[in-house]
Amino acid sequence: MSEPDATPWAGWGTPPSPRYETLAARFRPVFARIRERAVSRERERDLPYEAVGWLREARFGALRVPEAEGGFGASLPDLFGLLAELGQADSNLPQALRNHFGFAEDTVGSPTGERRTHWVERLTAGDLFGGAWSETGLATVGTFETRIHRSGARWGLTGRKYYTTGSLFADWIDVVGTGEAGEETSVVVPAKAPGVEVIDDWDGFGQRLTASGTALFEDAPAIGEPLPTADRFPYGPAFFQAVHLATLTGIARAAAGEVAQAVRERNRTYSHAAGARPSADPQVLQVVGRVHGLAYAAGAINQQAAQAVQRAYEARAAGLPEAEAHAINVAAEIELAQAQSVLTGLVLDAGTILFDALGASATSRRHALDRHWRNARTIASHNPRIFKDRVVGDYAVNGTEPPFQWKIGQMRKN
């Protein structure tokens, strides 16, 4: 019996753009190397420094930098397609790079100037950026406890952050805090600078290798001038959610491939089974087919959502009138909220029903199939879909616009 087609896009639909296959061919060998040890890294909680290093060497972080500036000029649908492929290899990695691509997206769409030139050069060189925005505990609405302040001739940063995903692997950290005038602003600090400590204390049951723990800053040196968060890319909420959707799509595809392989290799069956082998049992094959169908639907939603974010980027790049650009950003936020609500359920279902095809032995840590559900459940708990359903409903019924990230950045996770 011939093996199923292993081409990444086989069975998943049309690639996002005509140039996608050429672009993806550059990175698929890296994805393949990453996939080889994905299960053992997960089982042993071995942080993926080596895998991140391979991506850095391949300049994967320069995907969105225009070709004229030394990058790859990927569209947003291309980016989210590649993140789904990376997530299929190891779902920890697209999430670990989520803050990097958010910083890159804000940078490449910024007005021409010294700040943009400086950071585009670092992106082109392959540098990676982490993020430190969220804070735990009590805080006054409208402010961050983390302070950005003058420190001699430079700017400094003092505070404590959590959910600093990817910062442990990064060269630079994009930090949001409260400025001297009480404004919400942001700076970039070198990840290895004096006064910066990133701690691997993330203890979630899923996405365990994303380094989403604590970062401490004690008069850490900032590079350049602070940037008010109000000046950052307005479609940020939709963009960051789209990264989660791409990661979830990758999880679903990985689950589909692994359950098919496990059934193909399995000899043991049940006295009440409908076939002599699991691979000939129509009920088992139905489960495998269902998981593949769920993964296919997730990918289709991921691509559709990516188009909405692309339109928001184009509105910013074209300098459209504020009212027109705002309407596009609202539409993108609503589309991503709708996509999140449905896609999340599809992937969680895929990670659950795959066990019906294999029985109790599939729960063995040797197979590590449980990681698909754990990882999907963890990502699905970011910006929970119940809130997104409410946002969509309120917009549909009352025309209430969704809250945008930079307007509610002061809200804290408990």
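Values in this document were obtained by computation on a predicted structure and should not be read as measured data.

Some thoughts on the environment of Gly-213
The topology assignment puts Gly-213 in the loop between β6 (196–199) and β7 (214–221). As for Gly-213 and Thr-165, which are separated by 48 residues in sequence, their C-alpha atoms are 6.8 Å apart. With residues up to four places along the chain from it excluded, the contact list for Gly-213 reads Lys-161, Tyr-162, Tyr-163, Thr-164, Ile-199, Asp-201 and Trp-202.

Structural notes on the confidence of the model for the chain
Looking at the chain as a whole, its pLDDT mean stands at 91, while 92% of the residues score no less than 70. A low-confidence stretch, residues 1–6 (pLDDT under 50), is modelled with 4 contacts involving residues beyond four sequence positions or located in other chains. Within the model, the stretch residues 406–414 combines pLDDT values under 50 with 25 contacts to residues more than four positions away or in other chains.

A look at the packing of aromatic side chains
Under the counting rule described, the total for this entry stands at 19 aromatic pairs. On the numbers, 5.8 Å between centres and 85 degrees between planes, the contact of Phe-31 with Phe-60 is edge-to-face. With Phe-31 in helix α1 (residues 20–36) and Phe-60 in the loop between α3 (49–57) and α4 (76–89), the pair connects residues that are 29 residues apart, well separated along the chain. Each member of the pair Phe-31 and Phe-60 is classed as buried.

With respect to the side chain of Gln-310
Relative to the assigned elements, Gln-310 resides in helix α9 (residues 282–318). Look past the residues within four positions of Gln-310 in its chain and what remains in contact with it is Arg-64, Ser-75, Leu-76 and Pro-77.

Examining the pattern of salt bridges
Side chains bearing opposite charge may pair, as long as their charged atoms lie close to each other. Per the counting criterion, the structure on display carries 20 salt bridges. Asp-106 serves as the salt-bridge partner of Arg-232, at 2.9 Å between the closest nitrogen and oxygen. Pair noted here: Arg-232 is in the loop between β8 (223–228) and α8 (236–265) and Asp-106 is in helix α6 (residues 98–108), with a separation of 126 residues, a long-range link. As far as the burial class goes, Arg-232 and Asp-106 line up, both buried.

Thoughts on the packing of α6 against helix α7 (residues 114–125)
Running from N to C, α6 and α7 point in directions that differ by 140 degrees, and their axes come no closer than 9 Å. Considered as vectors, α6 and α7 are oriented oblique to each other. The two elements α6 and α7 meet at a crossing, and its hand is left-handed. Every residue of α7 that contacts α6 at His-100, Phe-103, Ala-104, Thr-107 and Val-108 is listed here: Arg-115, Arg-116, Trp-119, Val-120 and Leu-123. Partitioning the contact of α6 with α7 into residue classes produces 6 nonpolar, 2 polar and 2 charged.

Considerations on empty space enclosed by the protein
Scanning the model with the defined rule gives 2 cavities of 30 Å³ or more in all. Considered as a void within the structure, the largest cavity measures approximately 90 Å³ in volume. Forming the boundary of the largest cavity are 13 residues, of which Asp-90, Ser-91, Arg-371, His-372 and Asn-375 lie nearest the centre. Among the secondary structure elements, those contributing two or more residues to the lining of the largest cavity are α2 (38–44), α4, α8 and α11 (370–380). Split into classes, the residues belonging to the lining of the largest cavity amount to 4 nonpolar, 6 polar and 3 charged. In this model, the second largest cavity occupies a volume close to 50 Å³. Val-52, Ala-96, Leu-97, Leu-128, Phe-129, Gly-130, Gly-166, Phe-169 and Ala-170 are the residues that line the second largest cavity. The class makeup of the residues in the lining of the second largest cavity is 7 nonpolar, 2 polar and no charged.

Let's talk about the packing of α4 against α8
The contact between α4 and α8 brings their axes to 7 Å, and the two run at 40 degrees. Looking at the two axes, α4 sits oblique to α8. As for the relative orientation of α4 and α8, their crossing is right-handed in sense. Note on element contacts: α8 touches α4 through Phe-239, Ala-242, Val-243, Ala-246, Thr-249, Gly-250, Ile-251, Arg-253 and Ala-254, opposite Leu-76, Leu-79, Phe-80, Leu-83, Ala-84, Gly-87 and Gln-88. A breakdown of the residues in the contact of α4 with α8 according to their chemical character gives 11 nonpolar, 4 polar and 1 charged.

Overview of the nonpolar core
Membership of the largest hydrophobic core comes to 110 residues, with the highest contact counts inside it found for Phe-60, Leu-63, Phe-80, Val-189, Phe-217 and Phe-239. The contacts of Phe-239, once residues within four sequence positions are left out, are Leu-76, Leu-79, Phe-80, Phe-101, Gly-102, Glu-105, Phe-233 and Val-309.

Remarks on α7
Taking 1.5 Å as the rise per residue, α7 with 12 residues should run 16 Å; its terminal C-alpha atoms sit 17 Å apart, in good agreement. Turning to α7, the residues buried within the fold contact α6, β1 (129–132), β4 (172–178), β5 (184–190) and β8. Of the residues one or two after α7, Gly-126 is the one with positive phi, at around 105 degrees.

Let's talk about the pairing of β7
Here strand β3 (residues 154–161) runs beside β7; their pairing, made up of 5 bridges, is antiparallel. Residue pairing for β7: Gly-156 is matched across the bridge by Pro-221. In the sheet, β6 pairs with β7 via 4 bridges, with the strands oriented antiparallel. Of the residues in β7, the one forming a bridge with Ile-199 is Thr-214.

Quick word on the environment of Thr-117
Inspection of the secondary structure assignment puts Thr-117 in helix α7. When the C-alpha positions of Thr-117 and Val-342 are compared, they lie 39 Å apart, and in sequence the two are 225 residues distant.

Observations regarding α3
It helps to recall that an α-helix has 3.6 residues per turn; residues three or four apart then point in one direction. If you check which residues of α3 are buried, you get Ala-51, Val-52, Gly-53, Trp-54 and Leu-55. Residues of α3 that are buried make contact with α1, α2, α4 and α5 (92–96). Once α3 ends, the next one or two residues include Arg-59, with phi positive near 60 degrees.

About the cut-offs
The residue numbering used here restarts from 1 in each chain and proceeds along that chain's sequence as written. Whole-chain, interface and lining totals are the exception, using all residues; otherwise, since this is a predicted model, local features are given only for residues with pLDDT of at least 70 and side-chain atom pairs are given and counted only at 80 or more. Where side-chain values are given, they derive from all heavy atoms of the structure, hydrogens and water being excluded. Put simply, DSSP H or I for four residues or longer makes a helix, DSSP E for two residues or longer makes a strand, and each gets a number counted from the N terminus. Any two residues whose heavy atoms approach within 4.5 Å are treated as being in contact. Values of pLDDT, ranging from 0 to 100, describe the predictor's confidence in every residue of the model. Stacked, edge-to-face and tilted are the three classes for Phe, Tyr and Trp ring pairs, Trp counted by its six-membered ring, which pair at centre distances within 6.5 Å; planes under 30 degrees apart are stacked, over 60 edge-to-face, the rest tilted. A simple rule labels every residue: compare its accessible area, found with a 1.4 Å probe on the protein chains alone, to the largest value its type can have, and call it buried under 20%, exposed over 50%, or partly exposed in between. Just to be clear on terms, a salt bridge is a Lys or Arg side-chain nitrogen sitting within 4 Å of an Asp or Glu carboxyl oxygen. Helix axes are fitted only over the stretch in contact, all axes being lines through C-alpha atoms; the angle between N-to-C directions runs from 0 to 180 degrees. An angle below 35 degrees is read as roughly parallel, one above 145 as roughly antiparallel, one from 65 to 115 as roughly perpendicular, and any other as oblique. Note on convention: the crossing is left-handed when the near helix lies turned anticlockwise from the far helix by less than a right angle, right-handed when the turn is clockwise. Throughout this entry, Asp, Glu, Lys and Arg are counted as charged residues, while Ala, Val, Leu, Ile, Met, Phe, Trp, Tyr, Cys and Pro are counted as nonpolar. The remaining residues, Gly among them, count as polar. A cavity, in this analysis, means grid points on a 1 Å lattice covering only the protein atoms where a 1.4 Å probe fits yet has no way out; a pocket is instead an open set bounded by protein on both sides within 12 Å along at least five of seven lines, and a residue lines either one if it has an atom within 4 Å of a point. Grid points are joined across faces, edges and corners, and a volume is the space filled by probe spheres set on the points. The set of buried Ala, Val, Leu, Ile, Met, Phe, Trp, Tyr and Cys residues whose side-chain atoms join them within 4.5 Å is what this entry labels a nonpolar core. By this rule the span expected of a helix is its residue count minus one, scaled by 1.5 Å. Here, any two strands with at least 2 DSSP bridges between them count as paired.

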